Protein chains: 2
Amino acid sequence: ALDFRAVGHRVYGISRSQQTCDRAIQNQVVDVAGLHPQILKGVDVVFLCPPIGAIGSAFAVVQPHLSSKTVVTDVGSVKGDIVPTLHAQWPHFIGGHPMAGTAQSGIEAAQSCLFQGRPYVLTPVVNTSATAVETMTSLVHDLGANLHVATPADHDRAVALISHLPIIISAALISACVESNGSAAGLLAQALASSGFRDTSRVGGGNPELGRMVAQFNQSELLRSLDVYERKLQDLRALILDQSWEGLEAQLAATQQSRPSFVETFDQ
Amino acid sequence: ALDFRAVGHRVYGISRSQQTCDRAIQNQVVDVAGLHPQILKGVDVVFLCPPIGAIGSAFAVVQPHLSSKTVVTDVGSVKGDIVPTLHAQWPHFIGGHPMAGTAQSGIEAAQSCLFQGRPYVLTPVVNTSATAVETMTSLVHDLGANLHVATPADHDRAVALISHLPIIISAALISACVESNGSAAGLLAQALASSGFRDTSRVGGGNPELGRMVAQFNQSELLRSLDVYERKLQDLRALILDQSWEGLEAQLAATQQSRPSFVETFDQ
């Protein structure tokens, strides 16, 4: 909202809390704020931003108040279920996933330029209206975000691999270390844990609700990525078990070489 | 060496390269440097600092030149093999593992206060001489490091969990993501990889020789930690497969709660 206002768009906000509406106006995050969806009458674009499981019901609340030309989008981190559901109800719907954020939430956490240089995925499907695509392409540009266009399925597979899978494998590391608690080695492990453990365990020690939600809404792709991951882990385990030290080093050299193709994009 | 000199110890350095010796003197890292172990005649303590596989042969080179009272220690990251081997040859041997370092190596990478506030594990065994324990305790104190005393077995189990296991599970993540290269989802995954992937994959994209070496010298404990890890991963997978979302969230809440007991020690 801050960035859209900065380039001259007029922004309307809806909240379930009058206090949030008051703060949004006071902090100049939006031009107009209110509890009732009637205020959306006449807007060009609606962003549905509730937790992923509530996007459909949020749309049901606002739909009666929208003109048929209104473009509707969401910001959910999984697209496979919501896109066909809302597309069937609204031709000008287009799924979106802006990939930026902080650990904070709520109106006081609003900050300018949050999406600058970060990925924003749009997931049009066959028959998504040209208006929806063009409008959202222009708005993503307004945010300074990097636009990516993908099918909902490709989006969900990609985020399963690079975002949801890390949560699970990182959580399993913490659980494995916790199991040794109470033994001398376990106490020593706690004292010796350094940057390797800290980084590898970070996302597994994150918000449990978020982890549950991505697993729930991206279950099939997460299980598929876990299959691939477990196979790769077994390959490494076999090299260690067979004392194939040259093979292990070659495999680790390959991962060392591959990582920058993922990480450098992010570091840009 | 820099820190020992700073508190008044006289430091002798041995290298296979005359150039390294010259730079060590020039940079005031040591008081005396040379290619020949004869210069160690009369020293009180010897630190063996070659790669882990070469510690035994390094000791064989210097041993003929040491007085029988000399304390000998090493800085290898696995203790189970080297400690009994050298203890059998030298009563004043005590295993050590100072846990600090940078990605750089070589004489130009020397820096003061590297060990300040970091763990330094000593691994005395039955019959390790009191002289060796007392001398090394005092030197660890001189470095400002945090002393931990453990059996070689407990040390190796602890570092397998918090240091060696993360390398393998992190490398498997990179391999899993690489497998999708070439597909639309794989290309998108590269573009979308953000901090979660970056942190979880960091140690798996590190020095392949180091990864090979810890696996080679800590094989049995690494395999044991992989067993525990794979069991924990299967537990999480079962929750996802069974759609036990409450159970998954409870498990992720437990890992969120457990992580600080490892990480806060490090952040001290």
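Preceding this paragraph is the structure being described.
Attention here is on the structure that accompanies the text. Keep in mind the model is a prediction, meaning the values are calculated, not measured.

Conventions used here
Counting of residues starts from 1 at the beginning of each chain's written sequence and follows it residue by residue. Lettering of chains starts at A and numbering of ligands starts at 1, both following the order in which they are written. Since the coordinates come from a predicted model, pLDDT governs what is reported: local features require at least 70, and pairs of side-chain atoms require 80 or more to be given and counted, while whole-chain, interface and lining totals use all residues. Based on all heavy atoms of the structure, the side-chain values leave hydrogens and waters out of the count. Per-residue accessibility, obtained with a 1.4 Å probe over protein chains only, is compared with the maximum for each type, and a residue is labelled buried under 20%, exposed over 50%, and partly exposed between these values. Segments assigned H or I by DSSP are reported as helices when at least four residues long, segments assigned E as strands when at least two residues long, and all are numbered from the N terminus. When DSSP locates at least two bridges between a pair of strands, those strands are taken to pair. Whether a crossover is right-handed comes down to one check: with the strands pointing away from the viewer, does the path from the first strand over the helix to the second run clockwise; if it does, it is right-handed. Residues count as neighbours in contact if any of their non-hydrogen atoms are within 4.5 Å of one another. In this description, buried area is defined as the sum, over both parts, of the accessible area (probe of 1.4 Å) that is lost when the two are combined. A carboxyl oxygen of Asp or Glu within 4 Å of a side-chain nitrogen of Lys or Arg is what we treat as a salt bridge. Any pair of N or O atoms that falls within 3.5 Å is considered a polar contact. Within protein, one atom must be able to donate a hydrogen and the other to accept it, and sequence-neighbouring residues count only if both atoms are side-chain atoms. Gly counts as polar in this scheme, as do all residues outside two lists: the nonpolar Ala, Val, Leu, Ile, Met, Phe, Trp, Tyr, Cys and Pro, and the charged Asp, Glu, Lys and Arg. Stacked, tilted and edge-to-face are the three classes assigned to paired rings of Phe, Tyr and Trp, where Trp is represented by its six-membered ring and a pair needs centres within 6.5 Å; plane angles under 30 degrees give stacked, over 60 edge-to-face, the rest tilted. C-alpha atoms of residues with pLDDT of at least 70 in both copies form the basis for the least-squares superposition of the copies. Note on terminology: pairs of cysteine sulfur atoms within 2.5 Å are recorded as disulfides. Note on method: axes are straight lines fitted to C-alpha atoms, helices fitted across the in-contact stretch only, with angles between N-to-C directions ranging 0 to 180 degrees.

### Some thoughts on the pairing of strand S4 (residues 71–74) of chain A
Residues and elements named next belong to chain A.
And then number 1: Side chains of S4 alternate between two faces, with Val-71 and Thr-73 and Val-72 and Asp-74 buried alike.
And then number 2: Both strand S3 (residues 45–48) and S4 contribute to a ladder of 4 bridges, which runs parallel. When the bridges of S4 are listed, Leu-48 appears paired with Asp-74.
And then number 3: Read from S3 through helix H3 (residues 55–62) to S4, the crossover connection turns out right-handed.
And then number 4: Summarising the sheet, S4 and strand S5 (residues 93–98) pair through 2 bridges and their orientation is parallel. Each residue of the ladder has a partner; that of Thr-73, found in S5, is Ile-94.
And then number 5: Once you follow S4 into helix H4 (residues 82–89) and on to S5, the crossover reads as right-handed.

### Some words on the interface of chain A and chain B
And then number 1: Across the boundary between the two partners, chain A contributes 90 residues, which contact 90 residues of chain B.
And then number 2: Taken together, both faces of the contact between chain A and chain B bury some 8800 Å²; the carbon and sulfur share is 68%.
And then number 3: In this structure, the connection of chain A to chain B is made through 14 salt bridges.
And then number 4: Across the salt bridge formed by Asp-227 of chain A and Arg-237 of chain B, the nearest N and O atoms sit 2.6 Å from each other.
And then number 5: At the boundary of chain A and chain B, one finds 33 residue pairs in polar contact (both at pLDDT 80 or more).
And then number 6: Going through the elements one at a time, strand S6 (119–123), helix H6 (152–179), helix H7 (184–192), helix H8 (195–201), helix H9 (208–217), helix H10 (219–241) and helix H11 (245–267) of chain A are the ones with two or more residues in the side of chain A that touches chain B.
And then number 7: No other element matches H6 of chain A, which puts 20 residues into the side of chain A that touches chain B.
And then number 8: Counted by class, the side of chain A that touches chain B contains 46 nonpolar, 26 polar and 18 charged residues.

### Observations concerning the packing of aromatic side chains
The geometry of an aromatic ring pair is captured by two quantities: the separation of the ring centres and the angle between the planes.
And then number 1: Applying the stated criterion across every chain, the model contains 6 aromatic pairs over all chains.
And then number 2: When the ring of Phe-59 of chain A is compared with that of Trp-90 of chain A, the centres are 5.6 Å apart and the planes differ by 75°; the resulting orientation is edge-to-face. You can see Phe-59 of chain A sitting in helix H3 and its partner Trp-90 of chain A sitting in the loop between H4 and S5, a full 31 residues away along the chain.
And then number 3: Classification of Phe-59 of chain A as buried rests on a relative accessible area of 1%.
And then number 4: An angle of 40° between the planes, with centres 5.6 Å apart, marks the rings of Phe-4 of chain B and Phe-47 of chain B as tilted. Taken together, the residues span a long stretch of sequence, with Phe-4 of chain B in helix H1 (residues 2–6) and Phe-47 of chain B in strand S3 (residues 45–48) at a distance of 43 residues.
And then number 5: On the basis of relative accessibility, which here comes to 27%, the residue Phe-47 of chain B falls in the partly exposed class.

### Some details on the relation of the copies chain A and chain B
And then number 1: Taken as rigid bodies, chain A and chain B are interconverted by a rotation of 180° and an axial shift of 0.0 Å, the fit giving an RMSD of 0.1 Å. Taken together, the turn and the small shift mark the pair as related by a two-fold rotation axis. For chain A, the smallest separation between a C-alpha atom and the rotation axis is recorded for Thr-200 of chain A, amounting to 2.1 Å.
And then number 2: The share of interface residues of chain A whose copies in chain B are also at the interface is 100%, consistent with both copies meeting through the same surface.

### Description of the state of the cysteines
And then number 1: Counted under the stated rule, the structure contains 0 disulfides over all chains.
And then number 2: Note on Cys-49 of chain A: no disulfide assigned, nearest cysteine sulfur contributed by Cys-21 of chain A at a separation of 14 Å.

### Quick word on the environment of Ile-52 of chain B
And then number 1: Here Ile-52 of chain B is to be found in the loop between S3 and helix H3 (55–62).
And then number 2: Excluding anything up to four places from it in sequence, Ile-52 of chain B contacts Ser-77, Val-78, Met-213 and Phe-217 of chain B.

### Structural notes on the sheet that holds S3 of chain A
All names here are of chain A.
And then number 1: In space, the 5 strands of this open sheet follow the order S3-S4-S5-S6-S7, with mixed pairing throughout. Each edge of the sheet is formed by a strand with only one pairing partner; in this case those strands are S3 and strand S7 (146–149). When strand polarity is set aside, the average angle formed by the axes of neighbouring strands in this sheet is 25°.
And then number 2: Each of S3, S4, S5 and S6 is contacted by H4, which is oriented at about 150° to S5, the strand it contacts most.

### Details of the sheet that holds strand S5 (residues 93–98) of chain B
For sheets, the rule is that strands pair by backbone hydrogen bonds, running either parallel or antiparallel.
Residues and elements named next belong to chain B.
And then number 1: Taken in spatial order, the 5 strands line up as S3-S4-S5-S6-S7 in an open sheet, and their pairing is mixed. Looking at the sheet topology across the chains shown, the edges are occupied by S3 and strand S7 (146–149). Averaged over all pairs of adjacent strands, the angle between their axes in this sheet comes to 25°, without regard to strand direction.
And then number 2: Here strand S6 (residues 119–123) runs beside S7; their pairing, made up of 4 bridges, is parallel. For Leu-122, the partnering residue across the bridge sits in S7 and is Val-149.
And then number 3: Those strands touched by helix H4 (residues 82–89) are S3, strand S4 (71–74), S5 and S6, and its axis lies near 150° from that of S5.

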